[in-house]
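# Architecture at a glance
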Amino acid sequence: MKQFALRWGGFLALIAVGVVLYMHFKASESRTEPVGSGLVLEAEGIPETGGVGSEGIVPLSSGGEVHRHQGVRAVGRISLHEIPSGELKDRLVKLTPEALDTALNTLSKMNFHANDLDSVRVNQAGGVYFVCSFSRNGVRSSAEFMPFVEESQTAVAMSEWSGASVPISEPPLRHSKPGASNVLFLDFNGHVVAGTVWNDDIDFGNVSSWDCQAWSLDGDRTTFSAIEQSNIVQIWERVSEDFAPFDVDVTTEQPASWNRNTGHALITPNTDKNGLHCPHYGYGGIAYVDVFGEREYSYNVSRGYSPAWCIDYALADVAEVISHEFGHNLGLSHDLRNQDEGYYAGHENGLIAWGPIMGTGYGNEVSQWTKGEYYDSAESQDDLEIISKKVGYRTDDHGDTMAAASVLTVVEAGVVEDSGIIEQTDDPDVFSFVAGFGEVTIHANAYKASSSTWGANLDIRLALYDASGTLLATNNPVSDIDASIAVTVSGGQYYLYVIPTGVGNPMSNTPTGYTSYGSLGQYWLSGTVSSDSDNDLMPDEWEFQYFGNVTSALATADFDQDGVDNLTEYITGYDPTNASSYFSMTSYELPETVGDPVVIHWPTQSGRLYSVSSTHNLKYIDFTPLSDANDLPHTQNSYTDTVTYAQSSRFYRIEVRLEE
């Protein structure tokens, strides 16, 4: 124990450092085996191939072309005679030369296929839009799923919404990236649409305005019930996950002002309050192509290209529609196959059900942005490249090499938690941590909705390396997008790689799984590491930081010979290898006359609590805790004793303990 004595006039104040220990240990169960061999660390990163092990082949995104039949695809300026006969060409030939030039310019920037021509439309001014049928022909029917069933870690708990209904003017407000340069507004409570290109289009009746109805599950379009509020939040979560890699704030709060970078997905029935047919009447959705960011996109200008119309399906289905229609606004065309007439619904074949967002992803656990990396694809557009040119990627939140690794967050002794977002294809997030001898168990959970389909985009492979780059364990289950590792380590510095991955072989004529191309989105880490393998009450990470290992530092030893043992240096938050670094009082204010207060000051460290006690006789009288100075936070670094004592001397003691 370190003691500090002060003497003034007839007073003597003794300040002693007492140390109180509060350590908490947890253990958790492991379920993953270390990998035997076959994976190596290259260039301080992850293996360049997916690796083969008991988990199966992990396909990385391919840079090569996918075999496809020839359809209609713009290469340079497309001409009218290149458009096959049909409704689109019939509309084009009726346009004025100026409008035709506008339409052909837009079509020349698009990828589209002969099988999809019936979905492409032009208006009288040459604006191009898609009408989307969204027939529910996914791998599994959406009817298999209830609108809202149970609570999960990453979705809204039903208990949050067990209260009364609210007016439709007060939907639950959510933001996925407040302050982002780009916004996607999910409009559930109806909207008056007037003055847009939709209103001027003869195909939609030249309607001066549509008074659009609110989204509803129960038919009451004046309020949102508790279950409707919970569904709105989960729909928002699902759409937010689709756009998590990008600089986009997906929100349910109507923007205070509109601009060319404000997307508007209007989720509404296909007739308005007056029975008028809305533009998406007979369709699942309808939206203009490649208009986001253009001056004419905003509501602030006459004849704007907003909104993207989305049919009022429930939960998972409407989330798929929203992302799909906003994808058109960003410049995306449909995903399809050469052998099919409609959009591609995806595949399962015994593995995780998958579908493309720009196809029909209904009923699939994973739906992703694609570049046609599936069997018989008729569309090779690079979704991510097109989207990122419009809105940009998020800033990478974690480094992708050992040198740039983020320190894994320790929430309490031996317990680790963290989170992140995979923003770009095949770009891992790397975390570093120190552990002593013992078991390391870490779980990585991708976003999964609490009900219906998973609503997922990211599939995770975990890999653990030691400081020399030796792979210790890896995991990528073929039937799940989450991953876990559990391995016994000898102690030292370790690196955890969160790797976006794929599964199966989507290029097979009986396709399974998906490549890593669209494996992007949010994840959460949790687990345990050996926190004190030598049981000396000093965490392994702290010992490794100052002594280079976890065994050479004895708790009772005083390595730097400053009069304070190593354990006390840890508890008080100081460097045990620096003789000038130890806990001590920084200053004090002595009473000039009897009755004046005594003020003592001390340095503080985060994660510590401080208590002051006093006595007037060190030999015979125990220290008495001062009731107003117990467990003071690190933000308070002084105490003023205003009590006037009869004795001529007083001693003070400061006790330091770790915050639980």
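As a reminder, the structure under discussion sits directly above these lines.
As a starting point, this report considers the structure included with it. (Residues numbered from 1 in each chain as written. Predicted model: local features only at pLDDT ≥ 70, side-chain atom pairs only at ≥ 80, totals over all residues. Heavy atoms only, no water.)

The strand order E17-E18-E25-E20-E23 describes an open sheet built from five strands, whose pairing is antiparallel. Sheet topology places strand E17 (410–412) and strand E23 (483–489) at the edges, where each strand pairs with a single neighbour. Geometrically, the sheet is characterised by an average inter-axis angle of 20 degrees between neighbouring strands, direction not taken into account. As judged from the two bridges shared by E17 and strand E18 (residues 415–422), these two strands associate in the antiparallel manner. Its bridge partner lying in E18, valine 410 is registered against valine 416. (Pairing = 2+ DSSP bridges. Helix = DSSP H or I, 4+ residues; strand = E, 2+ residues; numbered from the N terminus. Axes fitted to C-alpha atoms, helices over the stretch in contact; angles between N-to-C directions.)

Quick look at the nonpolar core now. One finds Leu184, Leu186, Phe243, Ile322 and Phe433 to be the most contacted residues of the largest nonpolar core, which totals 92 residues. Apart from the residues lying within four places of it in its own chain, the contact partners of isoleucine 322 are Leu184, Leu186, Ile235, Val239, Ala265, Ile267 and Cys310. Grouped together as the second largest cluster of nonpolar side chains are 20 residues, Ala99, Leu100, Phe112 and Val128 included. (Core = buried A, V, L, I, M, F, W, Y, C linked by side-chain atoms within 4.5 Å. Buried < 20%, exposed > 50% of the residue type's maximum accessible area, 1.4 Å probe, protein only. Contact = heavy atoms within 4.5 Å.)

Throughout the structure, instances matching the rule amount to 16 salt bridges. A salt bridge links glutamate 655 to arginine 653, with the nearest nitrogen and oxygen atoms 2.9 Å apart. Overall, glutamate 655 belongs to the partly exposed group, its relative accessible area being 23%. Through salt bridges that share partners, Glu87, Arg91, Arg121 and Asp203 make up one connected network. (Salt bridge = Lys/Arg side-chain N within 4 Å of Asp/Glu carboxyl O.)

In strand E27 (residues 598–601), alternate side chains face the same way, and those of Val598 and Ile600 on one face and Val599 and His601 on the other are all buried. Relative to E27, strand E26 (residues 587–589) runs antiparallel, the two being bridged by three bridges. If you follow glutamate 589 over to E27, its bridge partner there is valine 599. When E27 meets strand E30 (residues 638–641), the two strands line up antiparallel, connected through four bridges. When the sheet's bridge partners are listed, isoleucine 600 is paired in E30 with tyrosine 639.

So far we have only geometry, and geometry alone does not tell us how the molecule works.
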